[in-house]
Amino acid sequence: MALVRVISSDGAAFLVSQRLAKRSGKLKTEIETFRKSSDNSEAQPEIRIVTIRAEILRLVLQWLQQHQNDPVLPANQNEQDGRGDAEMGQSQWDRDFLAPMDLGIVMELILAANHLEVKGLLDITCKLVESKITGRTVDEIRTAFKLKSDFKGNEEEQTRLENRWCVEN
Amino acid sequence: MTPQKKVSSVLEVTNGAGPSLTNTAMVRKGWSELPKELLTMILDKLDNRLDLNSCRGVNRYWKSVAIQVGIKQTVALWKPWDPSEGAFQRTIALLPYPTLKLKSFDVRTGFQQAYYPVAFNKFERTSNPFPTNSLCLTSFGPLECLPKTYLENGRVAPGYHKQRNYIELSNLFQICGHHLTYLHLFNMKVHPLQLYSVLEQMPNLEALTLTTVGMGGSPWSYKEEYKYKNVPKNYSPPCTKLTHLRIGNRTNSSLQEKLLEWFESQLISFECDSHPCRFIVKNFPDRNNEEESEYYVPFRKLERLKILLAWDEFYHDIVPFVPIKYLSVVLGQLVDYKDLESILEYVDKLSGTLVHLHLYLEIQYNIHEQIPLQRVYVVFPKLKKFAITDDWESSLLCYFLQRFTKLETLQLMNNSELKHNHDNLDEGELREKMEKRFEDENYWVFCNSLKTIEVHADTLGSEKPGKFLMINRKPTLF
């Protein structure tokens, strides 16, 4: 089984089968570039991911492993179908996988999934965040996502007024 | 793949204590640093405008993204228009994402300011008075104006008419029209010239809806300010980005013709709920020179079409050339076999591109003996979804089904059993009955790819969703 070494920003190395790694768009291109630049076809590729730390990388790889036999979704699926693919990928395993995470981890996971081009993971994490926004008030959202208001003067009041007619419709 | 390969394929060989690439301690990023494209992706999943409103209020960054998403959704809500939306009345109820509504009633009584965006009070070239880049004009007559109450808090806007104490709507558009991506005209009268000059001010318009719009009034009340005596002969279409056109109930047919004349070459989605739906084919090539006109393909970008009535010229001369993927034909009751014949012929011509077909035709008589046999060989290689009223002879339906080689979902609308036994409905019993019926009528056999049959009590897309049953193909035993 051909393997690839994936190294996180804080130096942790993961040995992953190439077949699994290639399910990430980013890793796939990295492996291919490595193949082209290397004379020895037997050499084990080594990929450094400088933006993702070990804890997050482990989660991404875990998710990939669980979903290694899923059909790969074409990138333009969304445009064709409009909706539905996000729900399709949401399994009980995914829910258990995401359940213990706080929003900080989820945020890092979104960034990682985006960087590594793992569409399925990106979908379920975004979906999770969306569910955290749904039905919340502005203040609740701010608390949940640790965001601060940077509106000046009457901007906030203005936004509230603008929102009002949206509701009236 | 072989079972041996199922060993764990992720192996951590060193732990996080290894040599670090970054010497500084890992700084956790906050949500405020989420890149714009990702935040857009998340907010785009919200389908409730109230939630999007909450996001607008979080901070400046979120507000700017939420506004962008809102604008996108205004048009995007159009895009996934589903042929199975069917019903006639639907179009009126379809106001997309928050649209600023201006009513002439407000003009007469004075605006209740609180309902309108504050930005409206001080509109100027740089600010956008339309927070979601969409506008709905309701009940305006030929006299187009805004009262001065709009302006009291702000400075006097350009175009403000000092003597008459109002701003003309046309001036508003002149100054701020480029912000608009969606315009809805409802319950009013316009002159085509007027419409042209309004649209001309909105170069970024992507979608346009007309409901209950009559032809009338003189071209604006201030003729001297009005550019054209007539729509110029060699005009260019006023909005080059306009791709979605929806013409609702009771809209004047001359206006329709004008709009199609202007926009047919760029339309991607066209819905016409008004009948008779008329398409004057002869006028189209005039825009180009004589030699080219022979090769002119009207509606060459059209992908989604919803029409009410069979109209021969349209069917035969135009639409077969275009790549229509989503087609909805709403016809009500079929009275003549000739109608059915022409529709079938028309649909067959689109067999190569159709993905979703919706036929709302009620057949009140027995016509299954007259199936034109030569068409049995036309197949639809891309069709995934087919919706039809549930009063067709099963043999006629099978005639369709056997040619839909990739069909996945069949939707039967207006099922009388579901409709009339609404209260004393035993679902299990009904399901069994339906299952038996579909077995007997051989739907599963005629179409191998069929996965689901949905039975609906009402027309799809009616105001409140009615009762419906979903029946899946039973797994085969071999």
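Residues numbered from 1 in each chain as written. Chains lettered and ligands numbered in written order. Predicted model: local features only at pLDDT ≥ 70, side-chain atom pairs only at ≥ 80, totals over all residues. Heavy atoms only, no water.

The name given to chain B in an unreviewed UniProt entry is F-box domain-containing protein, and the organism recorded there is Orchesella dallaii.

Per an unreviewed UniProt entry, chain A goes by the name S-phase kinase-associated protein 1 and belongs to Orchesella dallaii. Database annotation for chain A, UniProt heading Pathway (unreviewed entry): "Protein modification; protein ubiquitination." (UniProt positions renumbered as here; feature names shortened; annotations may be inferred.)

> Please clarify how the overall build of chain A should be interpreted in this entry.
Tallying secondary structure elements over chain A gives 10 helices and three strands in all. Listed N to C, the secondary structure of chain A is β-β-α-α-β-α-α-α-α-α-α-α-α in terms of helices and strands. Counting the 169 residues in chain A, one finds 44% classified as buried. In chain A, of all internal contacts separated by at least 6 residues, the share reaching a separation of at least 24 is 62%. Element-wise, carbon and sulfur atoms account for 48% of the exposed surface of chain A, whose accessible area totals about 8700 Å². (Helix = DSSP H or I, 4+ residues; strand = E, 2+ residues; numbered from the N terminus. Buried < 20%, exposed > 50% of the residue type's maximum accessible area, 1.4 Å probe, protein only. Contact = heavy atoms within 4.5 Å. Areas by Shrake-Rupley, 256 points an atom, 1.4 Å probe, with all protein chains shown as cover.)

> Help me understand the overall build of chain B, please; the structure alone is not making it clear to me.
Of regular secondary structure, chain B possesses 15 helices and 17 strands. Per-residue burial for chain B yields a buried fraction of 51% across its 478 residues. A total accessible area of about 22500 Å² is found for chain B, and carbon and sulfur atoms account for 51% of it.

> Is there a simple way to explain the confidence of the model for chain A in this structure?
All names here are of chain A. Predicted confidence across chain A gives a mean pLDDT of 79, with 82% of residues reaching 70 or more. The least confident element of chain A is helix 4 (residues 77-81), whose mean pLDDT is 40; the most confident is helix 7 (residues 103-116), at 90. Per-residue pLDDT stays below 50 along residues 74-87; that stretch engages in 12 contacts with residues further than four places along the chain or on separate chains. (pLDDT = per-residue confidence, 0-100.)

> Which parts of the structure should I look at to understand the environment of B:Leu135?
Residue and element names in this part refer to chain B. Here leucine 135 is to be found in strand 3 (residues 134-138). Classification of leucine 135 as buried rests on a relative accessible area of 0%. Linking leucine 135 and histidine 184, residues 49 residues apart in sequence, is a C-alpha distance of 6.2 Å.

> Please explain the nonpolar core as it appears in this structure.
Considering soluble globular proteins, one finds that nonpolar side chains tend to be buried as a cluster. All names here are of chain B. Core analysis: the biggest nonpolar cluster contains 75 residues, and Leu199, Leu259, Leu327, Leu359 and Phe386 have the highest contact counts within it. Looking at which domains feed residues into this core, each of domain 2 (90-324) and domain 3 (330-478) gives three or more. Ignoring any residue separated from it by four or fewer positions in sequence, one finds leucine 199 in contact with Leu183, Leu205, Leu208, Pro238, Cys239, Leu259, Trp262 and Phe263. (Core = buried A, V, L, I, M, F, W, Y, C linked by side-chain atoms within 4.5 Å. Domains from an automatic or database assignment.)

> Mind showing me how you'd approach the pattern of salt bridges here?
In a structure, side chains of opposite charge can pair up when their charged atoms sit close to one another. Residues and elements named next belong to chain A. The tally for this structure, following the rule as stated, stands at 17 salt bridges over all chains. Of the charged contacts, one joins arginine 5 and glutamate 46 as a salt bridge, the two residues approaching to 3.4 Å between their closest N and O atoms. Of this pair, arginine 5 sits in strand 1 (residues 3-7) while glutamate 46 sits in strand 3 (residues 46-48), and the two are 41 residues apart along the sequence. What makes glutamate 46 partly exposed here is its relative accessible area of 42%. Measuring nitrogen to oxygen at the nearest pair gives 3.2 Å for the salt bridge that ties lysine 127 to glutamate 130. Of this pair, lysine 127 and glutamate 130 both sit in helix 8 (residues 119-133), three residues apart, which is roughly one turn of that helix. On the accessibility criterion, lysine 127 (27% relative accessible area) is partly exposed. (Salt bridge = Lys/Arg side-chain N within 4 Å of Asp/Glu carboxyl O.)

> Looking at this structure, how should I read the pairing of strand 15 (residues 409-413) of chain B?
Side-chain direction in a regular strand flips from residue to residue, so the side chains alternate between the two faces of the sheet. Residues and elements named next belong to chain B. Counted residue by residue, strand 15 has five buried out of five residues, so it is predominantly covered. Neither face of strand 15 is exposed, since Thr409, Gln411 and Met413 on one face and Leu410 and Leu412 on the opposite face are all buried. Remark: the strand 14 (residues 385-389)/helix 12 (residues 394-401)/strand 15 crossover connection has right-handed handedness. Of the pairings in the sheet, the one linking strand 15 to strand 16 (residues 452-456) comprises four bridges and is parallel in character. Residue pairing in the sheet places glutamine 411 in a bridge with glutamate 454 of strand 16. (Right-handed = clockwise from strand over helix to strand, strands pointing away. Pairing = 2+ DSSP bridges.)

> Looking at this structure, how should I read the packing of helix 8 of chain A against helix 1 (residues 36-43) of chain B?
Angle between the axes and distance between the axes are the two parameters that describe a pair of packed helices. Two elements in contact, helix 8 of chain A and helix 1 of chain B, have axes whose closest approach is 8 Å; the angle formed by their N-to-C orientations is 65°. Crossing of helix 8 of chain A over helix 1 of chain B shows right-handed handedness. Residues A:Leu122, A:Cys126, A:Val129, A:Glu130 and A:Ile133 of helix 8 of chain A pack against B:Leu38, B:Met41, B:Ile42 and B:Leu43 of helix 1 of chain B. Classifying every residue of the contact of helix 8 of chain A with helix 1 of chain B gives eight nonpolar, no polar and one charged. (Axes fitted to C-alpha atoms, helices over the stretch in contact; angles between N-to-C directions. Left-handed = near helix turned anticlockwise from the far one by under 90°. Nonpolar A, V, L, I, M, F, W, Y, C, P; charged D, E, K, R; others polar.)

> Looking at this model, I keep getting lost on the side chain of B:Gln266. Mind explaining?
Along the chain, B:Gln266 turns up in the loop between helix 8 (253-263) and strand 10 (269-272). Those residues in contact with B:Gln266 that sit more than four places away from it in its chain are B:Pro237, B:Cys239, B:Thr240, B:Lys241, B:Leu242, B:Thr243 and B:Lys301.

> What is the right way to read unusual backbone geometry from this model?
Note: most peptide bonds trans; most residues except glycine with negative phi. Even without being a glycine, A:Glu117 presents a positive backbone phi close to 55°. Mapped onto the elements, A:Glu117 comes out in the loop between helix 7 and helix 8. Although it is not a glycine, B:Asn442 sits at a positive phi angle of roughly 65°. With respect to the secondary-structure elements, B:Asn442 resides in the loop between helix 14 (427-440) and helix 15 (443-446).

> For this particular structure, what's the right way to read the packing of aromatic side chains?
Aromatic ring pairs are reported here in terms of the distance separating the ring centres and the angle at which the planes meet. By the definition in use, this model includes nine aromatic pairs over all chains. Pairing A:Phe145 with B:Trp62 gives two aromatic rings, centres 5.6 Å apart and planes at 55°, and the pair type is tilted. Residue A:Phe145 is found in helix 9 (residues 138-145), and its partner B:Trp62 is found in helix 3 (residues 60-76); the two belong to separate chains. Residue A:Phe145 shares its accessibility class with B:Trp62, and that shared class is buried. Each ring, one from B:Trp262 and one from B:Phe263, has its centre 6.2 Å from the other, and the planes form 85°; the classification is edge-to-face. Its relative accessible area of 0% is what places B:Phe263 among the buried residues. What links up through ring pairs into an aromatic cluster is the set B:Phe380, B:Phe386, B:Phe400 and B:Phe404. When the ring centre of B:Tyr326 is taken as reference, the NZ or CZ atom of B:Arg304 above it lies at 3.7 Å. (Phe/Tyr/Trp six-rings, centres within 6.5 Å; stacked < 30°, edge-to-face > 60°. Lys NZ or Arg CZ within 6 Å of the ring centre and 35° of its normal.)

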